[in-house]
Amino acid sequence: MPPATARLTVRDVLRLELVAQWDAEVVACPERLERPVRWLHVAEAPDVAVMLTGGEMVLTTGLLLAGDERAQVEYVESMRRADAAAVVLGLGRAFRTTPEAMRRTAERCGVPLIVLHRPAPFARLTEEVHARLVHGRFAALDLSERMRSSLTALNLSGVPLQRLLDEIAGYSGGPVVVANLAHRVLATAGERGALDDLLRDWERISRQVAGLLAPGRTGARADDGPRQARAGWETHGPPDSDGDGDNDGDGPVTVGPDGWVVARLEARGRQWGQLALFGHPGPADAGRLLAQRAAEALAVHRLLTDRPGAADGRAHCWEDQAAEALLTELASGTARPEQLLPRVRAAGLPVDRRRFVPVVFRPRRAGESGAVRESVERALANDRPEAGGRPRTGGRRTTPEGPAGLAARIGPDATAVLLSIPCGRDVDSEVSRFAERVHERLGALGVEATAGAGFSCPVLDEVRRSFLEAVHVADAALAAPPTGPVARLRDVRLRGLVRLLRDEPELQAFIERELGPLLGRPELLDVLRSYLRTGCNKSLAAQEHHISRPALYRRLRTIEVLLGTELADLEQFTSLYVALLAHDAQRGAGS
């Protein structure tokens, strides 16, 4: 039994148990059985076509057509002009067998002709089909209202794009992809394995998705002619799912084979992307309605989020969110290696014959993360801002032959960049030049930041480890800024190792053992810090604290008594130095 839907096809009607009892036979145009049936109409008048509006399935016994081949031909031709879905002829009263004139004309006109070999009470079939059509329209209205209600509630609660897309995927039952006009994937939802398969071949699939919404397809119908019917695609403006007589929504929706449904994403008269549903298991009408409601919700979400309102005054657009999601997963180590290649390629970053280097920037003062982000994006765009005076590409710059990058904020104050550098280039030099451009822009704004780079990765599988290294190096470099534009792991040495291990319980216990009696005496802790930092130079340490050398001697002696140690002993000195580095790392106070 076909599912309850607002749209039945000729094939759906023929599959009804009621019709099976009447020994139905398709004698013309069996390839046209996917034509939609809008209504059933029982009529014997030869000129019934003047009363049709299109999409009707006409039931007749042919009483007024018997013995007149010319009338039979004109009857079928009038059905074609009226865009009837099909003609059903009940044999037995006027015709004992299929009239050849009607069959030939139906084949020529592309009108499906079905004959019923057993007596058929047309009233029962009319009642059955009309009940299904009406029930389907109410089901479609219910689906429409449920989707509209849930998606509107999510938008009003300010959820991120991913949460909204997860809800859409729940209704769709298959993978969902949102892409911009450059075919860059902005967000995905659905079963991870199916998404990986799609993203792995996204370059080809994205062209197909874009082609389905090409201007030449707008307004076409699958039953407009043999070409569209063979292609199996239906492109419509949005359906009148509310039953209010007008189209709902902003743009066309294309339904294709294999459960593909594609919708334009547009608002205020401007298209900015596409929504693609893959493998939708339901009927075409449900997929079309689902895509339309999803497109409406996504347009509202875009209007609500793509505007200034963040702490740095920036618009947090979808391109920003897509880059941020990918780089945050890399920086936190949660990104799955097998997903990196399709995700990075879908994000628009070159991956062929490239080396990848993550770089993390951290401002040295609070409240300056917005300036760091802006400077990084301008450095990526190489001083070629787009409309509005700044790059709006999600921090991405790609050139066929030069370096490219994807940038986003990670955490509360850091900005991360994944650089893609062509093989054959000096990777260290390219990273340093990029960091210098960022520092130049920050200097003009009076902002200081540290930059930490990971190791160069010949394959994307290694980027996750390199990203963790870049985050660690940038964090450690805050305590001891590098002499060059960017710090690397070799620059942070012991301080970097200590900061990497600062949250380990064993290291915390070590701090307590070594410095415990001084933790409540900050003035003595400062003296010890100065003494160790100056390489045990008592004169410099005394000058830093504006005290005499004898006074410094007394304080150092007090420290030795409290800690039960001798500062002249190299091993004990080293233990105190490491403990103090760890203590400062935990509190973010550089020595």
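Our structure's up above, just so we're on the same page.
Residues numbered from 1 in each chain as written. Predicted model: local features only at pLDDT ≥ 70, side-chain atom pairs only at ≥ 80, totals over all residues. Heavy atoms only, no water.

A. Main features of the overall build of the chain. On a plain count of helices and strands, the chain comes out with 21 helices and 18 strands. Looking at the 591 residues of the chain, the share that counts as buried comes to 52%. Relative to all contacts within the chain whose residues are 6 or more apart in sequence, the contacts with residues 24 or more apart total 65%. (Helix = DSSP H or I, 4+ residues; strand = E, 2+ residues; numbered from the N terminus. Buried < 20%, exposed > 50% of the residue type's maximum accessible area, 1.4 Å probe, protein only. Contact = heavy atoms within 4.5 Å.)

B. Summary view of the side chain of R354. Within the fold, R354 resides in strand β14 (residues 354–363). For R354, a relative accessible area of 4% puts it in the buried group. Reaching out from R354, the side chain makes a polar contact with the backbone oxygen of S420 at a distance of 2.9 Å. (Polar contact = N/O pair within 3.5 Å; in protein donor to acceptor, adjacent residues only side chain to side chain.)

C. Representation of the packing of aromatic side chains. Scanning all chains against the criterion turns up two aromatic pairs. Between the aromatic rings of F361 and F434, the centroid separation amounts to 6.1 Å while the plane-to-plane angle is 75°, which identifies the pairing as edge-to-face. Residue F361 is found in strand β14, and its partner F434 is found in helix α14 (residues 427–445); the two are separated by 73 residues along the sequence. Above the plane of the ring of W272 lies R302, whose end atom (NZ or CZ) is 4.8 Å from the centre. (Phe/Tyr/Trp six-rings, centres within 6.5 Å; stacked < 30°, edge-to-face > 60°. Lys NZ or Arg CZ within 6 Å of the ring centre and 35° of its normal.)

D. Up close: the pattern of salt bridges. Applying the stated criterion across every chain, the model contains 27 salt bridges. Residue R533 pairs with E544 through a salt bridge whose shortest N-O separation is 2.7 Å. With a gap of eleven residues between them, R533 in helix α18 (residues 522–533) and E544 in helix α19 (residues 538–545) connect regions that are remote in the sequence. Among the residues examined, R533 registers a relative accessible area of 41% and is labelled partly exposed. (Salt bridge = Lys/Arg side-chain N within 4 Å of Asp/Glu carboxyl O.)

E. Just the sheet that holds strand β4 (residues 39–42), in detail. Strand order in the open sheet made by the five strands is β2-β7-β6-β5-β4, with mixed pairing throughout. Strands with a single pairing partner mark the edges of an open sheet, and in this sheet they are β2 (24–28) and β4. The average undirected angle you get between the axes of adjacent strands in this sheet is 25°. Packing of helix α4 (residues 100–109) onto the sheet brings it into contact with β2, β6 (86–90) and β7 (113–116), and relative to β2 it is tilted by some 65°. (Pairing = 2+ DSSP bridges. Axes fitted to C-alpha atoms, helices over the stretch in contact; angles between N-to-C directions.)

F. Representation of the packing of helix α11 (residues 318–332) against helix α12 (residues 337–346). At their nearest, the axes of α11 and α12 sit 11 Å apart, and the two run at 150° to each other. It follows from the interaxial angle that α11 and α12 lie roughly antiparallel. In the packing of α11 onto α12, the handedness of the crossing is left-handed. Judged by residue contacts, A325, L326, E329 and L330 of α11 engage L340, R343 and V344 from α12. In terms of residue class, the contact of α11 with α12 is built from five nonpolar, no polar and two charged. (Parallel < 35°, antiparallel > 145°, perpendicular 65-115°, else oblique. Left-handed = near helix turned anticlockwise from the far one by under 90°. Nonpolar A, V, L, I, M, F, W, Y, C, P; charged D, E, K, R; others polar.)

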